[in-house]
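Architecture at a glance
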Amino acid sequence: MSLMFVGGVSAGVFLLFGLLSFIFFVLWVVTIVNAVQSNFKDPNMKLIWILIILFANFLGVILYWVIAPGQKRSDFNQFNHLK
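Keep in mind it's a predicted model, so treat the numbers as computed, not measured.

Notes on the packing of helix α1 (residues 11-37) against helix α2 (residues 44-67)
Packing of α1 against α2 leaves a shortest axis separation of 10 Å and a crossing angle of 150°. As summarised for this structure, α1 and α2 are arranged roughly antiparallel, according to the angle between their axes. The crossing of α1 and α2 is right-handed. On the side of α1, the interface is formed by Phe24, Leu27, Trp28, Val30, Thr31, Ile32, Asn34, Ala35 and Val36, while α2 contributes Lys46, Ile50, Ile53, Leu54, Asn57, Phe58, Val61, Tyr64 and Trp65. In the contact of α1 with α2, the residues fall into 14 nonpolar, three polar and one charged.

As C-alpha cells, then:
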C-alpha cells in the first residue's frame, strides 16, 4: 500500500502540513517563554499577553510580536545582578 494518495490527498500535502504545524508549535512555545520572561511596563500585561497567546493561537502569536515589544521596559537587563 502506498501513501501516495490517502483520501485523494497526496503525501506531500501531509508532510507540508506536518512541517508547518511543527514550525508553528515551536514559534508558539518560544512566544510563551518570551512573554513569561519579559518585563512589561504594566505588570498586568504579562498575564494579559499570556492569555491572548494561549486562546488566540496564531493571531495571538502575531499580535504579540507586533505589539508587545513597545510595551516592554527598555531598561530591563536580566544580568543586572551580575554587576
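Let's pick the thread back up.
Concerning the nonpolar core
Of all hydrophobic cores here, the largest spans ten residues; its members are Ile32, Ala35, Phe40, Met45, Trp49, Ile50, Ile53, Val61, Tyr64 and Ala68. Going through the elements one at a time, α1 and α2 are the ones with two or more residues in this core. Here the element with the most residues in this core is α2; it accounts for six residues. Every residue in contact with Ala68, bar those within four places of it in the chain, is listed here: Phe40, Trp49 and Leu63.

With respect to α1
An α-helix turns once per 3.6 residues; consequently, residues spaced three or four apart project the same way. With 27 residues, α1 extends 39 Å between its outermost C-alpha atoms, agreeing within 8% with the 39 Å of an ideal straight helix rising 1.5 Å per residue. Residues of α1 that are buried: Thr31, Ile32 and Ala35. Packing partners of the buried residues in α1 comprise α2.

Some words on α2
Over its 24 residues, α2 runs only 15 Å from end to end, short of the ideal 34 Å by more than 12%, given 1.5 Å per residue. Those residues of α2 that fall on the buried side of the exposure criterion are Met45, Trp49, Ile50, Ile53, Gly60, Val61 and Tyr64. Residues of α2 that are buried in the fold lie against α1.

Section: the packing of aromatic side chains
Evaluated as defined, the whole model comprises four aromatic pairs. Judged by centre distance (5.5 Å) and plane angle (80°), the ring pair of Trp49 and Tyr64 falls under edge-to-face. The pair formed by Trp49 and Tyr64 is uniform in burial state, with each residue classed as buried. Clustering of aromatic rings is evident, with ring pairs tying together Trp49, Tyr64 and Trp65.

Rules used throughout
Residues numbered from 1 in each chain as written. Predicted model: local features only at pLDDT ≥ 70, side-chain atom pairs only at ≥ 80, totals over all residues. Heavy atoms only, no water. Axes fitted to C-alpha atoms, helices over the stretch in contact; angles between N-to-C directions. Helix = DSSP H or I, 4+ residues; strand = E, 2+ residues; numbered from the N terminus. Parallel < 35°, antiparallel > 145°, perpendicular 65-115°, else oblique. Left-handed = near helix turned anticlockwise from the far one by under 90°. Contact = heavy atoms within 4.5 Å. Nonpolar A, V, L, I, M, F, W, Y, C, P; charged D, E, K, R; others polar. Core = buried A, V, L, I, M, F, W, Y, C linked by side-chain atoms within 4.5 Å. Buried < 20%, exposed > 50% of the residue type's maximum accessible area, 1.4 Å probe, protein only. Expected span 1.5 Å × (residues − 1). Phe/Tyr/Trp six-rings, centres within 6.5 Å; stacked < 30°, edge-to-face > 60°.

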